[in-house]
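# Tertiary structure, described
Read off the chains here:
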Amino acid sequence: MSMNLPISRAPQAAHTHTISTAPGGQRSKKAALVLAALLCGAAGAQAQQIKLMTGPQGGSWYPLGGAIANMASKAGVNVQVLPGAGIANVKGVNGGKADMGFGNSISTVDGVAGRTPFDTPTKNVCNMGTLYPQFYQVVANADANINSLGDLRGKSLAVQPKGNTAEFISQQSLEVYDLKYKDMSRVSYVSYTDAVSLMKDNNAQAFTLGTTVPASAIMDLASARDIKLVAIPEDKFQAMRKLNPGYTKLIIPAGSYPKQTQDVPTIGYATHMIARCDLDADVVYKVLKAMVENKADLAAIAKAMASTTPKMMAEDIGVPMHKGAIRFYKEAGVL
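The rules behind the values
- Residues numbered from 1 in each chain as written.
- Predicted model: local features only at pLDDT ≥ 70, side-chain atom pairs only at ≥ 80, totals over all residues.
- Heavy atoms only, no water.
- Helix = DSSP H or I, 4+ residues; strand = E, 2+ residues; numbered from the N terminus.
- Buried < 20%, exposed > 50% of the residue type's maximum accessible area, 1.4 Å probe, protein only.
- Contact = heavy atoms within 4.5 Å.
- Areas by Shrake-Rupley, 256 points an atom, 1.4 Å probe, with all protein chains shown as cover.
- Disulfide = S-S within 2.5 Å.
- pLDDT = per-residue confidence, 0-100.
- 1 Å grid on protein atoms, 1.4 Å probe; cavity = no way out; pocket = protein on both sides within 12 Å on 5 of 7 lines; lining within 4 Å.
- Points joined across faces, edges and corners; volume = space filled by probe spheres on them.
- Nonpolar A, V, L, I, M, F, W, Y, C, P; charged D, E, K, R; others polar.
- Core = buried A, V, L, I, M, F, W, Y, C linked by side-chain atoms within 4.5 Å.
- Phe/Tyr/Trp six-rings, centres within 6.5 Å; stacked < 30°, edge-to-face > 60°.
- Lys NZ or Arg CZ within 6 Å of the ring centre and 35° of its normal.
- Arc of directions from axis to C-beta.

## Observations concerning the overall build of the chain
The secondary structure content of the chain amounts to 12 helices and 10 strands. Within the chain, buried positions represent 47% of all 335 residues. A sequence separation of at least 24 residues applies to 76% of the contacts in the chain between residues at least 6 apart. As displayed, the chain offers around 16,200 Å² of accessible surface, 54% of which is attributable to carbon and sulfur atoms.

## What to know about the state of the cysteines
All chains considered together, the criterion is met by 1 disulfide. The residue that forms a disulfide with Cys126 is Cys277, at a sulfur-sulfur distance of 2.2 Å. As the torsion about the S-S bond is roughly 105°, the Cys126-Cys277 disulfide counts as right-handed. With Cys126 in strand 4 (residues 125–141) and Cys277 in the loop between strand 10 (264–276) and helix 9 (281–293), this residue pair connects regions lying 151 residues apart in the sequence. Each member of the pair, Cys126 as well as Cys277, is classed as buried.

## Some points on the confidence of the model for the chain
The predicted coordinates ought not to be read in detail in places where the model reports low pLDDT. For the chain, the average pLDDT comes to 88, and 86% of its residues sit at 70 or higher. Low pLDDT, under 50, characterises residues 1–23; the predicted model gives this stretch 10 contacts beyond four residues in sequence or across chains. Every residue in residues 36–44 is under pLDDT 50, and counting partners more than four places away or in other chains gives 2 contacts.

## Description of empty space enclosed by the protein
Using the criterion set out here, one finds 2 cavities of 30 Å³ or more in the structure. Estimates place the volume of the largest cavity at around 150 Å³. Lining the largest cavity we find 18 residues, and of these Pro56, Trp61, Gln134, Tyr192 and Gly210 sit closest to its centre. Elements with a minimum of two residues in the lining of the largest cavity: strand 4, helix 5 (165–175) and strand 7 (206–211). Considering only residue class, the lining of the largest cavity consists of 7 nonpolar, 11 polar and no charged. Of the voids in this model, the second largest cavity is the one considered here, and its volume is about 40 Å³. Considering the residues around the second largest cavity, the lining is formed by Ile106, Ser107, Asp110, Pro117, Thr165, Phe168, Ile169, Gln172, Asn244 and Tyr247.

## As for the nonpolar core
Membership of the largest hydrophobic core comes to 35 residues, with the highest contact counts inside it found for Met100, Met273 and Val287. In terms of nonpolar packing, the next biggest core, distinct from the first, is built from 26 residues, Val138, Leu152, Met184 and Ile232 among them.

## Describing unusual backbone geometry
At the junction of Thr116 and Pro117, the peptide bond is cis and its omega measures out at 10° in the coordinates. A cis geometry characterises the amide bond from Val213 onward to Pro214, with omega recorded as 0°. Assignment of secondary structure puts Pro214 in the loop between strand 7 and helix 7 (216–222). If you check the backbone angles, Asp178 has positive phi at about 60° while not being a glycine. For Asp178, the location among the structural elements is in the loop between helix 5 and strand 6 (186–189).

## Re the packing of aromatic side chains
Taken as a whole, this structure holds 5 aromatic pairs when the rule is applied. Here Trp61 and Phe102 contribute two aromatic rings whose centre-to-centre distance is 5.5 Å and whose plane-to-plane angle is 25°, an arrangement assigned as stacked. Note that Trp61 is positioned in helix 2 (residues 61–74) and Phe102 in strand 3 (residues 100–104), a separation of 41 residues in sequence. The pair Trp61 / Phe102 is uniform in exposure class, with both members buried. Summarising the aromatic geometry, the rings of Phe328 and Tyr329 are spaced 5.4 Å apart at their centres and angled 75° between planes, so their arrangement reads as edge-to-face. Each member of the pair, Phe328 as well as Tyr329, is classed as buried. Through a chain of ring-to-ring contacts, the aromatic side chains of Tyr285, Phe328 and Tyr329 assemble into a single cluster. A cation sits over an aromatic face here: Arg327 above Tyr285, 3.7 Å from the ring centre.

## Observations regarding helix 6 (residues 192–200)
Taken together, the buried positions of helix 6 are occupied by Tyr192, Ala195, Val196 and Met199. For helix 6, the arc enclosing every buried residue in end-on projection is 100°, short of the 170-degree limit, so these residues lie on one face. Tucked inside the fold, the buried residues of helix 6 contact strand 4, strand 5 (156–159), strand 7 and helix 7.

## Overview of the layout of surface pockets
Volume-wise, the second largest pocket comes out at about 250 Å³. Every residue lining the second largest pocket is counted, 14 residues in all, and those nearest its centre are Lys228, Leu229, Gln260, Gln262 and Val264. Element by element, the count of residues in the lining of the second largest pocket is highest for strand 8 (residues 227–229), at 3 residues. Of the residues that constitute the lining of the second largest pocket, the class distribution is 7 nonpolar, 4 polar and 3 charged.

## A few points about the environment of Pro265
With respect to the element layout, Pro265 can be found in strand 10. On the accessibility criterion, Pro265 (22% relative accessible area) is partly exposed. Through-space distance from the C-alpha of Pro265 to that of Ile251 is 4.5 Å; in sequence the pair is 14 residues apart.

Put into structure tokens, the structure is as follows:
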């Protein structure tokens, strides 16, 4: 963020009509130029620049990133918003390609531990705060005769590109039914928007995603054709917990989507923010402070954030807390 410093002009004496070219005058001019350069340098130093990895278009993370960038700019932090995905963001922050990012608790914990799909432990990823729950959602066209994930054998499926947490969950949710992608007639690795287009044209019969409820992509699809949400029953939930203990059980309430008359049990996890552990603590502190002070703006994008509190944000999820976040939560009286 550039700062426009006012140029102070001393009152001009009545007898001054010409610019002095005497050595003393030249020294004064040089001194003024040096001072101006120092002031500009100080202003530039105050505008801290960071990169924030978000998510695909059609989800909550990308617009949340834009809102956070606006808030942070007022606190003296310039944020460049980049697209991303749950797993890719953890790798990007750990590798220094980004300074902050959105993450999914289950993926970030896998990264810290060095479990699949991560090759090595992510040692430079710290937690900033938990934001809201995410719902793994499986939606099928109503006429596709898909009542469980086991019915996907021989059907066409749309998932997110590799690097997305929901794509990895899709593999694990099929695994507990003894299915793999090769058992599908076709698997398309596409964005939410493209998945909806495939579903509308019946070029995909089911679609998986991980986001808030209601998901705008599913609402878009439901406006064009009848849909059915596919449940994750208790026995399959327990089987998935064996694959990743970080999974939680959530309910998609009846009425969340058009013609949804029953509650639908599914897999849950948490969205949180991550930062490079070696990122300046002041930057993390400023961004968190701006987010909490402007929570209503974030809740307008992700309704689940309306009930988010600093105490919830500070909960231990198995990822080391950033020192700037620790300072913020201690000042808020929740650590």
